[in-house]
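Tertiary structure, described
Here's the letter readout for the chains.
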Amino acid sequence: MKLYSLIVILLLILQADVTGFLIFLSFESTVSENTFALLLTVDLIAFAMMTYVYRREKLHALPSRVWLILGSAVIASVFLSSLIFT
Amino acid sequence: MPDSEQTGRKGPRYTVTSLVQWFDTRLGLSHSLFRPIPQYAINPFYWLGALAVTAFVIQGVTGVIMMLYYVPTPTQAYSSTQYIFNTVPYGRFLETVHLYTAYAMIMLSFMHMMRGYFVSVQKKPRELMWAVGMLMGFVTLGFGFTGYLLPWTVVSKSATDVGLGMVKALPSGIASFLTFLIVGTGEDSTTLLRFYDLHVILLPAVLLVLLAAKMYMLETHGISDAITNVSEKKRRLIPVFPDATVYVLELAALFGAGMLIISLVFPLALPPQFTPELAAASTPQPDWYFLWIYQIIKISAFETAGLKVALSAITVIFILLIILPFIDRSNKRELADRRVYITLGTIFVAELLALTYWGLKTPGQIISNEQAALVLGGIALAVAGGTLFLHNLLFRRVKSKLPIGNPSASLRSAQAWTSMAFVLIVGLGAMTIGESLNASVQIVLGGVTLSNLVMLLLWILGLGAVVFGSIFLLYRLDLGTGSIRKRVRLLEIGWENDEAL
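Residues numbered from 1 in each chain as written. Chains lettered and ligands numbered in written order. Predicted model: local features only at pLDDT ≥ 70, side-chain atom pairs only at ≥ 80, totals over all residues.

**Some thoughts on the interface of chain A and chain B**
Taken together, the contact pairs 28 residues of chain A with 21 residues of chain B. Elements supplying a minimum of two residues to the side of chain A that touches chain B: α1 (2-23) and α2 (31-58) of chain A. Of all the elements, α2 of chain A adds the most residues to the side of chain A that touches chain B, at 18 residues. (Contact = placed C-beta atoms within 7 Å. Helix = DSSP H or I, 4+ residues; strand = E, 2+ residues; numbered from the N terminus.)

Written out as structure tokens, the structure reads:
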């Protein structure tokens, strides 16, 4: 179960970092438009994953590995896309 | 009991729990007056309306930002929209998100309505909730109608002009009210200003009032009971905060993420500005959610004098939808007991989809009466026959053969997959039958050409694939018992003895 709490902490750190980055993102270039959208997506998916882990934890049940791996893969791919499009 | 409560220690495992508790301690959210909801409502299908509201909120936020730059006059509407697109930071993205969430709101509202119809949420005592929900749906369509004109593009202005022309053909009371409300003196500047005011002030205000009324009634009556057998564990009540709130936030976050990705992948392109010359050269076509009406009024019987009849019939459909709970007064809610209404609902969805697709494919083309009767009648007949057949197969047989009691998880899963496959096959079946008939009529009317023959052949092949899918579905109707071989064995020994397997 500790693995899941680590996931939550990692997701929180990720959200905080991404939010911080979004705040300081330049509004001037069109490239930053893509970055903004992709990082906001990362933020939202990370939030959804966190609430999912919380709901499962509240039911004293293990979160589904499939959903966690899928969510992490989506976050990683969107994050990488944001680096490519920047 | 959680470990931390036993040991008194707070581990990292409880990070989110602690965070939620921190807010709860200070705000007392778990002591809210909201009625608790059953555990089985933690399912996306129960929250389609909440997602539509989420789309409305996103539109509100993006809309307010665009209001800072938009000028609602015929001379400046297009240039200010262009300014938002090209100069305002993230302007194009903002416009795209605004448009796509509007589409999502319409789609989610429709799905919410049809789900409610099929699971009978409109039954006593929720009749007025249904009526208010329908009014909210019309307001949502009103958002689409009024918002479409605002960029003042050739597409939006021409389509709106067609819509405004139709207003005069509506029943006189409705026509004079709508003329007063949206047309005004008839000048472009008045109409645009009225559309803008309706879009940003009146309609949001009306929607919020209706939403408040619906929420009040939801609190009074609670979430409607499940129509399938649900275990006691699933019936356990859970508080709105944090359980349901966190779940809705999770869905909303995923919805928002989806909208962002779609907006990024398919950015909006601004069509040319409206000019009378360009408008004369283009074929007016409404946005997709009004294509079904557009296709109906293109049927030759409804041209000129017949338009009044068509619009009156559409108005009657809308009124019937509002007063549906007062027509369908039976207390029976299970799908198995509502064969007629399930069939009517399926025909309604199939015809809407077919008309929308048809309208998209035939812009500006007048549809002959014979073709319309063949396609629409053919779809209605095919869908009615298919629905009744599958309903009989799914429910009668299941009811008489399966042992009484809660279905197993595998059975429920199989039923869910079968239902989804059933819906897909009915939709595809309606489309392929309609298009095959359409292609046949094209050959009769336009003569035998290679393209007509190829189209007919392709649609017949599609129909063949649907028939094959239907046969496969019949094999899938083993209702979670596993392989076809096992199903055959079940047929041999009878459903009652399936535990012997």
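Now that the structure has been shown, the text picks up again.
**A word on the domain arrangement of chain B**
Often, the extent of an interface is quoted as the loss of accessible area upon association of its parts. Residues and elements named next belong to chain B. Each domain of chain B was delimited in the assignment, giving domain 1 (37-333) and domain 2 (348-501). Listed per partner, the contact involves 16 residues of domain 1 and 17 residues of domain 2. Top contributing element to the side of domain 1 that touches domain 2 by residue count: helix α13 (residues 291-297), with 5 residues. The class makeup of the residues in the side of domain 1 that touches domain 2 is 8 nonpolar, 6 polar and 2 charged. (Domains from an automatic or database assignment. Nonpolar A, V, L, I, M, F, W, Y, C, P; charged D, E, K, R; others polar.)

**Overview of the packing of helix α6 (residues 127-149) of chain B against helix α9 (residues 188-221) of chain B**
Residues and elements named next belong to chain B. Interaxial distance between α6 and α9 falls to 9 Å at its minimum, and their mutual angle equals 160 degrees. It follows from the interaxial angle that α6 and α9 lie roughly antiparallel. In this structure, α6 crosses over α9, and the sense of that crossing is left-handed. Among the residues making up the contact of α6 with α9, the classes are represented as 19 nonpolar, 6 polar and 1 charged. (Axes fitted to C-alpha atoms, helices over the stretch in contact; angles between N-to-C directions. Parallel < 35°, antiparallel > 145°, perpendicular 65-115°, else oblique. Left-handed = near helix turned anticlockwise from the far one by under 90°.)

**Notes on the packing of helix α5 (residues 91-118) of chain B against helix α11 (residues 240-265) of chain B**
Residues and elements named next belong to chain B. Their axes nearest at 9 Å, the elements α5 and α11 cross at an angle of 125 degrees. Our classification of the angle between α5 and α11 gives oblique. Seen along the crossing, α5 lies across α11 with a hand that is right-handed. Listed contacts from α11 to Phe 93, Thr 96, Val 97, Tyr 100, Thr 101 and Ala 104 of α5 are Met 259, Ile 262 and Ser 263. When the residues that make up the contact of α5 with α11 are grouped by side-chain class, the tally is 6 nonpolar, 3 polar and no charged.

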